[in-house]
Amino acid sequence: MTITNTRYLFILLAACLFCCTETDDGCLDSTASNFDVSADDDCCLVEEECCCTYPDLELELFYKQRASDTLLKSETNFKLETFYALENSQDSIKIDTFELFISQVKPINLTLVDTICVLESIEYTQLNVGGDSELLRVEDNIALTNGLQFRFDLGTYQSDLDVEQVDYTLGLSGEIAQIDPDNIVTSLNLGNTYNYLFNTSRASFPSMRVNFTLKSADQQRIITQELSFEEHLTFTFASSIVNNKGANLSLLMRINVLDVFKGIIFDVANEDIDLIIKANLASSVSIIE
């Protein structure tokens, strides 16, 4: 064999050896949406270059008229800008704006006493006692229900836990409500989509904003209210929700909208409206199986 042929053979063997030993980078996290069981090397060894993508924690809404309505009957679905008769009254109500924050949604595995948290955070700056600006973070899993949108992405999550219980909050915590949108560095919605709700005179977000019309005979009364509250609720499932690794995790919630306004009639005083709505909320909103 000539020297030239030997050289070509060596190059060919080296190329084959390189091809045979070349490794593929991929996502090796089994909770990720793009988990690659055939990958040789973890693409997330360097955090800034991580290729893993994660599924969404979703909140799916059913807007019904009242608790007595059958869930699957479409004729009982609530509609904005429609007059409905008030219970035990000759009056009727038309709701034009129904904006309610749902926050701090926590799917929980009771067996392991562990919680599924979203990966995203609201990052915002705030002056500390020394007058210096510091960066703070709070979990960003907020949805603003409005009677029109039926599915919300609360954020991405990294977990394979089955869900046996859900903790959630109607309204906003004091910390989140008082974040000035101008000071938000990173946020999915609070500093962008929802920032129009920030009340500059109160220096806070409301937990709920409603605009509705009460009608009695030939009289009409238009009412606009902003409410602040923080109502923590818990729901335990009869059977746990199986968490399929890498798949979106969807929680179902039902809001009986007219029940929120139960007890509000044409002659009710403005100062009593907040109290009535707050008293009705916990029994009007629920997680469903």
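Bear in mind that the values here come from a model prediction, so they are computed numbers and not experimental data.

Visitor: So what's going on with the sheet that holds strand E16 (residues 249-256)? Residues and values would help.
Guide: Taken together, 4 strands build an open sheet; the order of strands is E10-E3-E16-E17 and the sheet is mixed. Edge strands, defined here as strands with exactly one partner in the open sheet, are strand E10 (151-156) and strand E17 (285-288). Within the sheet, the average angular offset between the axes of one strand and its neighbour, ignoring direction, is 25 degrees. Sheet analysis places strand E3 (residues 56-64) next to E16, joined by 8 bridges and oriented parallel. By the bridge assignment for E16, Leu-61 is matched with Met-253. Packing of helix H4 (residues 270-284) onto the sheet brings it into contact with E16 and E17, and relative to E17 it is tilted by some 10 degrees.

Visitor: How would you summarise the sheet that holds strand E8 (residues 133-139) if you had to cite specific residues and measurements?
Guide: Ordered by their spatial adjacency, 3 strands build an open sheet running E8-E7-E12, and the pairing between neighbours is antiparallel. Looking at strand neighbours, the two that pair on one side only are E8 and strand E12 (184-186), the edges of this open sheet. Each neighbouring strand pair of the sheet contributes to a mean axis angle of 30 degrees, computed without reference to strand direction. Of the pairings in the sheet, the one linking strand E7 (residues 121-127) to E12 comprises 2 bridges and is antiparallel in character. Looking at E12, one finds that Tyr-124 is bridged to Ile-184.

Visitor: Give a detailed account of the state of the cysteines, specifying residues and quantitative values.
Guide: Tallying each qualifying case throughout the model produces 3 disulfides. The disulfide that involves Cys-27 links it to Cys-52, with 2.0 Å between the sulfurs. Torsion about the S-S bond of the Cys-27 and Cys-52 cystine: about 105 degrees, corresponding to right-handed handedness. Of this pair, Cys-27 sits in the loop between strand E1 (25-26) and strand E2 (41-42) while Cys-52 sits in the loop between E2 and E3, placing them 25 residues apart in sequence. For the pair Cys-27 and Cys-52, a shared accessibility class is recorded, and that class is buried. Between Cys-43 and Cys-51 runs a disulfide, and the two sulfur atoms are separated by 2.0 Å. On the sign convention where negative means left-handed, the S-S torsion of about -85 degrees between Cys-43 and Cys-51 marks this disulfide as left-handed. Classification of Cys-51 by relative accessible area gives partly exposed; the value is 31%.

What counts and how
Residues numbered from 1 in each chain as written. Predicted model: local features only at pLDDT ≥ 70, side-chain atom pairs only at ≥ 80, totals over all residues. Heavy atoms only, no water. Pairing = 2+ DSSP bridges. Helix = DSSP H or I, 4+ residues; strand = E, 2+ residues; numbered from the N terminus. Axes fitted to C-alpha atoms, helices over the stretch in contact; angles between N-to-C directions. Contact = heavy atoms within 4.5 Å. Disulfide = S-S within 2.5 Å. Buried < 20%, exposed > 50% of the residue type's maximum accessible area, 1.4 Å probe, protein only.

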